[in-house]
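Overview (structure and organization)
Chain residues, written in single-letter form:
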Amino acid sequence: MAKTTHGASRLDAARWLRSQTAGSRKLVTRTIAAGLLAGLFTILQMGLLAWIIHAAVILDNSAMSLLPFFVGLVLAITGRSLAQGFQARSAALCSHTIRQNIRIELLSRWQALGPVRLLDTSAGTLAREWVEHVEALHGYFARFMPQQILCIAVPLMIVIVVAWLDWLAAIFLIISAPLIPLFMALVGMGAEKLNQEHFQLIGRLSGHFLDRIRGLTTLQLFGQTRAAAETIHTRSHQYRRVTMRMLKVAFLSSAVLEFFSSVAIAVVAMYVGFGLLGYLSFGPAPELTLFSGLFILLLAPEFFQPLRLLSQHYHDRASALGATEEILRRLESDPESVNSKYAFEEHPDEPPPAATVATEERIVIQSAHVAFPNGRVGLDSVSLVINRGEAIALTGPSGGGKTTFLHLLAGFLRPCQGFVRVFGYPAGEQRFGWLGQSAFMVQGSWADNLRVTCPDATDGMIESALQAAGLGDLLTSRSGGIHSLVSEAGGGLSGGQARRLGLARLFLADVDLILLDEPTAALDAESERFVLASLQRLSTQGKTLVFATHHPSLLGLATRVIRIDGGRILNE
C-alpha cells in the first residue's frame, strides 16, 4: 500500500512540475531553440574539421585554398558557443521565473493557512521550504526539462547526417542509444526515493536545530544540553548517511553510463577503422573515405552527448521530485492535515450584499461557529456587533474562547457556519494590528523591528511611534538611538520594553482595528502603566480595540466588557 501511495505521489509531483511551465512557454521554447541551434553548429563544425583534414591529407590542398574553410570553422565554433551561452541564459531565466511563481504560491498558501494553523510547523521547516526546496527545482527547469527534447532532436539530426554518410554506422548508433536511457531510468528509481528521504530529513533537522537554539537557556537551566546535543548528533549522522548514499548512486550511475557510451563509440571507431583499412567488404564500408570516416567519428561522441547530459540531469529530476512532494504537502494541505488542533471546514456562510454595505462602520459577527476535529467547540453560534472606535474587553476563564474570538476577527480562523465582516470586508482582508502575550522580534535594530510593518517609515516617524509607546526615555539613554540592536529573543530589552516596542508598531502602522491578547500579562507595575497609557492613547485616536484580559485597569479602559465561557457570549 505504501508503495502505491509513493508511486501516486511521485506521479502527481511530476505532473505538477510540468504544469508550472505553462506561464513560461516562450522561455522554454527559446531555450530548446538555442540548444537545437548549438547542435546544428556542432554538426557544421565537425564537418568542416573533417573536410579540412581530408583536403590537406588526401587531396593535398594548399593552406590558402583551405582558408575559407578555416574561417567557416571559426565561425561555427563561435556560433556554437554563443548558442550554448544563450541556451544557458534562457534556461536560467526560465527557472528563475518559475521558481519565483512557486514562492509566491507558497507565500499565498502560508497566508491562507494563517499563523494558528502553522503553529505546529517549525520556522526552520518553513524556511527550508522557501529556500532549499524551491532552489532544488532549478536543475529540473534549467537543465533536465529542455534536455528531454534536445536528447531526441539533436541525436536525430546527427543520425540523419551519419546515415547519409554511412547507413551501417547509423544503425550502430541507433542500436546502442537506448542503453543509456534504460540504465538512467533504473538508477533514477532509487535516486528519487533517496532524494525524498533526504529532503524530509533535512527539513526535520533544520526545525529541530532551530528549536534547540531558541530554547538553549531553558535546556541549560534543566541540565539537558548534553542530551539535546546527542539528539542533534544522531540526526545529523542519519542525514550524513542518506547524503552519502545519494552521492554513491550518483557516482556509480555516471560511471555506468560513461562506460556504455564509450563502448558504443569504440564499436563505431572499430567499424570505421577496419573499413578504411579495407578489412570490411560488406555494406557501405568499402565506400568510406577519410572525410566520411572522420566525420562519423567526430559526430559519434556528439551523438551520445545529449543522452549523457540527460542522464546527468536525471539526478536534478530526482531532487526536484523529492522537493516537490514536500512542497505539494504544504500547497495541498487542508487545515486538518496541517494542524488538527485548529482544523475545521472552510465553508463560511456569506452575508447578502446589502448587509456588507450597511456594516461598513461596524464589525459584524453573525452566528459564527468554530468547531475542532477533536470535538471541542471553540465558538458556539456567536453573534456580536462592534462599532468603530469601541474598546471591547474579552474576559472569562482560560479555554473559554477568548483567543479563538481574536483569531476569528484576525482572519486566522474562519467559521464553519455564519460569517464575520470587519468594516464591510471579510476578516483578515484589511490591515489590522496584533499584539500577543510576547512581542515578535527580528534580529536587528529597533528601526528594523518597526519597519517590519511599515517598510517605508522614516526615522522621524519611528521616533514618534517609540515616544507614543512610552520608550522615549529609554531611546534617549541608548547611544545608538533607533539603531540600537535587539536579538530575536528580545535580548537588549526587558519583557515590558519588548512589549512596548510591539505597541510602537501599532502607532506606526495607523490601522483601524487592533487586537490584543493579554497585553499586560507577566509585566511589572511600571511596564503595565506604560502599556495602559499607550492603549488609552490609541483609544482616544478613534482606534477600535478588542483585547482579552483579566486586568482591572484594562477592564476599566473598555467601553464594553464581554464575558466568554464555553464558546458562548454570556453577557454584553
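Bear in mind that the values here come from a model prediction, so they are computed numbers and not experimental data.

Some details on the overall build of the protein chain
Counting its regular elements, the protein chain contains 19 helices and 12 strands. Per-residue burial over the protein chain gives 49% buried out of 572 residues. Relative to all contacts within the protein chain whose residues are 6 or more apart in sequence, the contacts with residues 24 or more apart total 78%. For the protein chain, the exposed area adds up to about 27,600 Å²; of that, 60% sits on carbon and sulfur atoms.

Some remarks on the pattern of salt bridges
Summed over the entire model, instances satisfying the criterion amount to 12 salt bridges. Salt bridges sharing partners connect three or more residues here, namely Arg 99, Arg 103 and Glu 135.

Structural notes on the environment of Leu 503
Tracing the backbone shows Leu 503 in helix H17 (residues 495-509). Once the C-alpha coordinates of Leu 503 and Leu 450 are considered, the two residues, 53 residues apart in sequence, prove to be 9.6 Å apart. Not counting residues up to four positions away in its chain, the partners in contact with Leu 503 are Leu 435, Ala 469, Leu 516, Val 531, Ser 534 and Leu 535.

As for the packing of aromatic side chains
Tallied over the full model, the rule gives 11 aromatic pairs. The interplanar angle of 40° and the centroid separation of 5.7 Å between the aromatic rings of Trp 110 and Trp 130 together place this pair among those described as tilted. Of this pair, Trp 110 sits in helix H3 (residues 67-117) while Trp 130 sits in helix H4 (residues 123-135), placing them 20 residues apart in sequence. Their ring planes at 45° and their centres at 5.6 Å tell us that Phe 291 and Phe 295 sit as a pair that is tilted. With a gap of four residues between them, Phe 291 and Phe 295 both fall in helix H10 (residues 290-331), about one helical turn apart. Residue Phe 291 is classed as buried on the basis of its relative accessible area, which comes to 18%. The buried category is assigned to Phe 295, whose relative accessible area is 6%. One aromatic cluster is present, formed by Trp 51, Phe 69, Phe 291 and Phe 295 through successive ring pairs. Note that Arg 103 overlies the ring of Trp 130, its terminal NZ or CZ placed 5.8 Å from the centroid.

Some remarks on a nonpolar patch on the surface
Nonpolar side chains collect at one region of the surface, where Met 64, Leu 67, Phe 70, Val 71 and Leu 75 lie side by side and expose about 510 Å² of accessible area between them. Residue placement: Val 71 occurs in helix H3.

A closer look at unusual backbone geometry
One non-glycine residue, Asp 510, adopts positive backbone phi at about 55°. Looking at the secondary structure, you find Asp 510 in the loop between H17 and strand S9 (513-517). On the basis of relative accessibility, which here comes to 54%, the residue Asp 510 falls in the exposed class. One non-glycine residue, Glu 518, lies in the positive phi region at around 50°. As for its placement among the helices and strands, Glu 518 is situated in the loop between S9 and helix H18 (525-540).

Examining the packing of helix H2 (residues 25-57) against helix H5 (residues 138-165)
What describes two packed helices is the angle between their axes and the distance between those same axes. Between H2 and H5, whose axes approach to 10 Å, the crossing angle comes to 25°. Considering their axes alone, H2 and H5 lie roughly parallel with respect to each other. Viewed along their axes, H2 and H5 form a crossing whose handedness is right-handed. Across the interface between the two elements, Val 28, Thr 31, Ile 32, Gly 35, Leu 36, Gly 39, Leu 40 and Ile 43 of H2 pack against Met 145, Pro 146, Ile 149, Leu 150, Ala 153, Val 154, Met 157, Ile 158 and Val 161 of H5. In terms of residue class, the contact of H2 with H5 is made up of 14 nonpolar, three polar and no charged.

Basis of the calculations
- Residues numbered from 1 in each chain as written.
- Predicted model: local features only at pLDDT ≥ 70, side-chain atom pairs only at ≥ 80, totals over all residues.
- Heavy atoms only, no water.
- Helix = DSSP H or I, 4+ residues; strand = E, 2+ residues; numbered from the N terminus.
- Buried < 20%, exposed > 50% of the residue type's maximum accessible area, 1.4 Å probe, protein only.
- Contact = heavy atoms within 4.5 Å.
- Areas by Shrake-Rupley, 256 points an atom, 1.4 Å probe, with all protein chains shown as cover.
- Salt bridge = Lys/Arg side-chain N within 4 Å of Asp/Glu carboxyl O.
- Phe/Tyr/Trp six-rings, centres within 6.5 Å; stacked < 30°, edge-to-face > 60°.
- Lys NZ or Arg CZ within 6 Å of the ring centre and 35° of its normal.
- Patch = residues over 30% accessible without salt bridge, like charges linked within 9 Å, V, L, I, M, F, W, Y side chains within 5 Å.
- Axes fitted to C-alpha atoms, helices over the stretch in contact; angles between N-to-C directions.
- Parallel < 35°, antiparallel > 145°, perpendicular 65-115°, else oblique.
- Left-handed = near helix turned anticlockwise from the far one by under 90°.
- Nonpolar A, V, L, I, M, F, W, Y, C, P; charged D, E, K, R; others polar.

None of this, on its own, says anything about what the molecule does.
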